[in-house]
Amino acid sequence: DLRRVELLLGRNGNPHMKSKTIHIAGSKGKGSVAAMTASVLTKAGYNTGLYTSPHLHFYNERIRVNNRLISNDEIAELVARIRPEVEAINSAAIFGKLTTFEVTTALGFSYFAQKKVDFQVIEVGLGGRLDATNVVKPDVCVITPISYEHTDMLGNTLTAIASEKAGIIKEGSIAVSSPQTDEADTAIAEACQQRGVKLIRVGKEVTYKGIKFSDSEQSLVVNGRLHNYKFTIPLLGQYQLDNAATAIAALEVLLEKGNKIHSRNIVHGMKEVNWEGRLQVISRHPLMIVDGAHNKDSAQKLRQALEQYFKFEKAILIIGMSSDKDVAGIVNELVQAFPQVIVTRSRHPRAMATT
């Protein structure tokens, strides 16, 4: 139900309508695509907001401008400003009480309006159609790869999940889709046709080819609709090549709309993108890698990436999960690469028990 967040934003001057918007949904890769897109726009000289979730270490990570995290003082100031409106809405509870994510989303939009950003790159929290971020009028809508997740809320077929994600696609925008399964691709294409929206597919209209890689970076060439681009990213995994090509496809839409984005901005922005917790090397001796693979498909790609990008004779898997995850699917993929497994849990109330 978007009415609560719409009411809150309306009472605060509709800050979500102040900037050009790139809206990104999907099961995997949406955070990486958002980070890449924002990095390039910043290098192009645009004042750029980035809204993502969840955070790894600090709540502040969710709201950034030009890759600078919102400060504690700025959060406190924004909370003090909108708190009376939040309390009034929750007291009346006409459409129910505001959720934490809805309030955080309103904080993000308010901060971007305050900073007068030229662009806001917005990552969906969950789903798309009824996500709190789906109040924007985007210039470009991006759907990253769809796989099984949150089936209790989004549906138990790829068609249902893709249809929910495609709920961010709106009339007047242009849609970009990462490579998808046939089932998901059909659902996304149908959503675009129903709303009269042009669809650009990575793998068809936009293609790429990996050139070389090491255990710290990889290079690729993206053949866009407007230009060809050769650049390096400090993110590993074959799926990050998909993500990079998807970001390029979205940036070319902005270029067609009259925004100035030079090829050198893409090269520099992609090389300096920072996105932690995705096949991230945090120690070389011993080799220690962290990743947040959260479903079976992500776990399979993680295993393949470990085997492709790193050399090791033996490895130990240390794993913890939230209680709503597909433990059997994830573990069955990962144990193939690990002769020894240590199961642990965090202090978070959603953490799965170890026994």
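Here, the structure is the one placed above.
Now for a quick tour of the structure.

Definitions and limits used
Residues numbered from 1 in each chain as written. Predicted model: local features only at pLDDT ≥ 70, side-chain atom pairs only at ≥ 80, totals over all residues. Heavy atoms only, no water. Helix = DSSP H or I, 4+ residues; strand = E, 2+ residues; numbered from the N terminus. Rg over C-alpha atoms; globule rule 2.2 N^0.38 Å. Buried < 20%, exposed > 50% of the residue type's maximum accessible area, 1.4 Å probe, protein only. Areas by Shrake-Rupley, 256 points an atom, 1.4 Å probe, with all protein chains shown as cover. Lys, Arg positive; Asp, Glu negative; His and termini not counted. Charge placed at Lys NZ, Arg CZ, Asp CG, Glu CD. Core = buried A, V, L, I, M, F, W, Y, C linked by side-chain atoms within 4.5 Å. Contact = heavy atoms within 4.5 Å. Pairing = 2+ DSSP bridges. Axes fitted to C-alpha atoms, helices over the stretch in contact; angles between N-to-C directions.

**Things to note about the overall build of the chain**
Helix and strand content of the chain: eleven helices and 15 strands. The globule rule puts the C-alpha radius of gyration for 355 residues at 20 Å, and the 20 Å found for the chain is close to it. Counting only C-alpha atoms and orienting by the principal axes, one finds that the chain spans roughly 60 × 50 × 40 Å. Counting all 355 residues of the chain, 50% fall into the buried class. Approximately 16,800 Å² of the chain is accessible, and the part contributed by carbon and sulfur atoms is 50%. Here the chain holds 43 positive side-chain charges and 36 negative ones, and the gap between their average locations is 4 Å.

**Topic: the nonpolar core**
The biggest cluster of nonpolar side chains holds 41 residues, and the ones touching the most others in it are Ile22, Leu41, Phe231 and Met270. If you tally residues by element for this core, the top one is helix H8 (residues 238–256), at ten residues. Aside from chain neighbours lying at most four places away, what touches methionine 270 is Met36, Val40, Phe231, Thr232, Ile233, Pro234, Ala244, Ala247 and Ile248. With 22 residues, the next largest nonpolar core counts Leu8, Ile63, Ile75 and Ile82 among its residues.

**Some points on the sheet that holds strand S2 (residues 48–51)**
Reading across from one edge, S4-S3-S2-S5-S1-S6-S7-S8 is the order of the eight strands in this open sheet, with mixed pairing throughout. Of all the strands in the sheet, the pair left with one neighbour each is strand S4 (68–69) and strand S8 (198–201). As paired strands, strand S3 (residues 63–65) and S4 are joined by two bridges and run antiparallel to one another. Note that in S4 the partner of valine 65 across the bridge is arginine 68. Docked against the sheet, helix H2 (residues 30–43) engages strand S1 (20–25), S2, strand S5 (119–123) and strand S6 (140–143), running at close to 170° with respect to S5.

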